[in-house]
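# Descriptive structure summary
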Amino acid sequence: MASIDCVVNTQPMAQEIDSVSRHITTTTTAVVGMKAAVIKAEEEAATKVCNNVNRGFYALIHSQISQKIAKLQSDVDSHLMKLNQLSKQLHGIQSRMQRDYGMLSSRYTKLFNGLNKNLENRVFALDKPTVDFAVKEISAVSNRTKQLSAIVPVGQLESLTASQKMLASSLKHRGMRVLTSMNNFLGNMKAQEIITQRILLPERCNNEMQPIMVPVIVRESNNSRNDKHTDIYVNTTNLTQRAQDSIKNSVNEHKFEWTSPKSGSQNELRSEFSKCISKSNSSQRVKDMIEKLFSENSFQTIKTE
């Protein structure tokens with residue numbers, strides 16, 4: 001086979017390949033720069049998206065919490081206003097109850113004090129001499145050592161005589177009061193003895209059957225339905241229950257005729273009643289009411305032959 005020896009110039013080709021290599025290097029550099037820019041842009045975009053998502057999430061949660069706080073605050077304010085209103089109402093009721101309690105307590109205190117005073121006066125009026133002796137005279141006698149304490153006369157001769165006269169006058173006055181009290185006590189004892197002698201029989205009753213006089217009180221009254229009701233009161237001292245029942249049955253068998261009392265006895269009764277009222281220690285209002293009830297009352301007595 002024939003061999004042909006020729007010389008080929010590769011310089012242009014080398015130059016072109018060199019130019020392509022430079023372009024490839026530039027392209028590689030541009031690709032690397034673009035890749036870095038794309039990565040950086042994607043990172044910035046992802047960061048921006050995450051920040052926006054986080055901001056939106058936080059804003060949503062904050063908005064929901066704010067709404068719940070506002071709703072709960074509104075409920076708390078409404079309940080607080082309601083509680084304040086109820087508290088004012090309760091304070092008003094408490095103050096009103098305190099005023100009512102004070103008014104009622106003062107009223108009933110005054111009422112019961114008046115009742116206690118009237119009852120005390122009535123109890124003392126049952127046996128006034130004995131009460132005066134027990135309350136006033138006994139206390140005075142018990143405290144005579146304090147009331148009659150010695151006085152040391154320290155002064156001039158002129159004042160000594162006057163003080164001795166004053167002390168002697170005081171002793172005489174107290175002695176006169178003691179003698180008056182003893183006189184009243186003995187007089188009352190004598191009056192009671194006379195009354196007892198009038199009531200008792202002159203002789204002692206033996207086992208023999210003897211008639212005795214027993215006082216009996218007969219009262220006939222009408223109720224609201226105009227029904228008559230008769231009450232018989234017998235002395236219960238020294239009488240058995242059988243004797244009392246027998247006396248009541250005997251008295252109940254009689255037919256009594258009631259008539260208006262005589263003017264003399266009625267005036268005498270009115271006079272005695274007025275004396276009892278004037279001696280009473282009750283208030284004037286109670287006395288006026290008693291006199292009014294007595295004047296408006298009408299009564300009758302049993303007609304005697």
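Residues numbered from 1 in each chain as written. Predicted model: local features only at pLDDT ≥ 70, side-chain atom pairs only at ≥ 80, totals over all residues. Heavy atoms only, no water.

Counting its regular elements, the protein chain contains seven helices and four strands. Listing each helix as α and each strand as β along the protein chain from the N terminus yields α-α-α-α-β-β-α-β-α-α-β. Taking all contacts inside the protein chain whose residues are at least 6 apart in sequence as the whole, residues at least 24 apart take part in 46%. A total accessible area of about 27,500 Å² is found for the protein chain, and carbon and sulfur atoms account for 59% of it. (Helix = DSSP H or I, 4+ residues; strand = E, 2+ residues; numbered from the N terminus. Contact = heavy atoms within 4.5 Å. Areas by Shrake-Rupley, 256 points an atom, 1.4 Å probe, with all protein chains shown as cover.)

Most often, soluble globular proteins have nonpolar side chains that are buried together. Residues V218, I232, V234, L239, I247 and V251 constitute the largest nonpolar core, which totals six residues. In this structure, V251 is in contact with V216, V218, I232 and F256, ignoring residues within four places of it in sequence. (Core = buried A, V, L, I, M, F, W, Y, C linked by side-chain atoms within 4.5 Å. Buried < 20%, exposed > 50% of the residue type's maximum accessible area, 1.4 Å probe, protein only.)

Side chains that are three or four residues apart share a direction in an α-helix, a result of its 3.6 residues per turn. Over its 13 residues, helix α7 (residues 284-296) runs 18 Å from end to end, which matches the ideal 18 Å to within 8%, given 1.5 Å per residue. Turning to α7, its buried residues number three or more, namely V286, K287 and F294. Projected onto a plane normal to the axis of α7, the buried residues spread over an arc of 100° and lie on a single side. Of the residues in α7, the exposed ones pointing more than 90 degrees away from the buried face are R285 and E296. (Expected span 1.5 Å × (residues − 1). Arc of directions from axis to C-beta.)

Moving on, we come to a nonpolar patch on the surface. On the surface, a cluster of nonpolar side chains totalling about 510 Å² of accessible area is made up of F57, Y58, I61, I65 and I69. Along the chain, Y58 falls in helix α1 (residues 11-126). (Patch = residues over 30% accessible without salt bridge, like charges linked within 9 Å, V, L, I, M, F, W, Y side chains within 5 Å. Salt bridge = Lys/Arg side-chain N within 4 Å of Asp/Glu carboxyl O.)

Taken as a whole and assessed by the stated rule, the structure comprises two salt bridges. A salt bridge links K71 to D75; the nearest nitrogen and oxygen atoms lie 3.5 Å apart. Remark: D75 and K71 occur in helix α1; sequence separation between them is four residues, near one turn of the helix. What makes K71 exposed here is its relative accessible area of 55%.

Another point: the side chain of S181. Counting through the fold element by element, S181 comes out in helix α4 (residues 157-199). When residues no more than four places from it in sequence are discounted, the contact partners of S181 are F133 and E137.

This paragraph deals with the side chain of D231. Among the secondary structure elements, D231 is positioned in strand β2 (residues 228-234). For D231, a relative accessible area of 15% corresponds to the buried category. Polar contacts involving the side chain of D231 include one to the side chain of R219, which spans 2.6 Å. Those residues within four positions of D231 in sequence are excluded, and the remaining contacts are I217, V218 and R219. (Polar contact = N/O pair within 3.5 Å; in protein donor to acceptor, adjacent residues only side chain to side chain.)

Once that is clear, we can look at the packing of aromatic side chains. Under the defined criterion, the tally for this structure stands at three aromatic pairs. An angle of 55° between the planes, with centres 6.0 Å apart, marks the rings of F57 and Y58 as tilted. Looking at Y58, the relative accessible area reads 57%, which means it is exposed. (Phe/Tyr/Trp six-rings, centres within 6.5 Å; stacked < 30°, edge-to-face > 60°.)

A few words on helix α5 (residues 241-253). In a regular helix each residue adds 1.5 Å, so 13 residues correspond to 18 Å; α5 covers 18 Å between its end C-alpha atoms and thus fits that length. Buried within α5 we find Q244, I247 and V251. End-on view of α5: buried residues confined to an arc of 65°, all on one side of the axis. Pointing more than 90 degrees away from the buried face of α5 are the exposed residues Q241, R242, N252 and E253. Packing partners of the buried residues in α5 comprise β1 (216-222) and β2.

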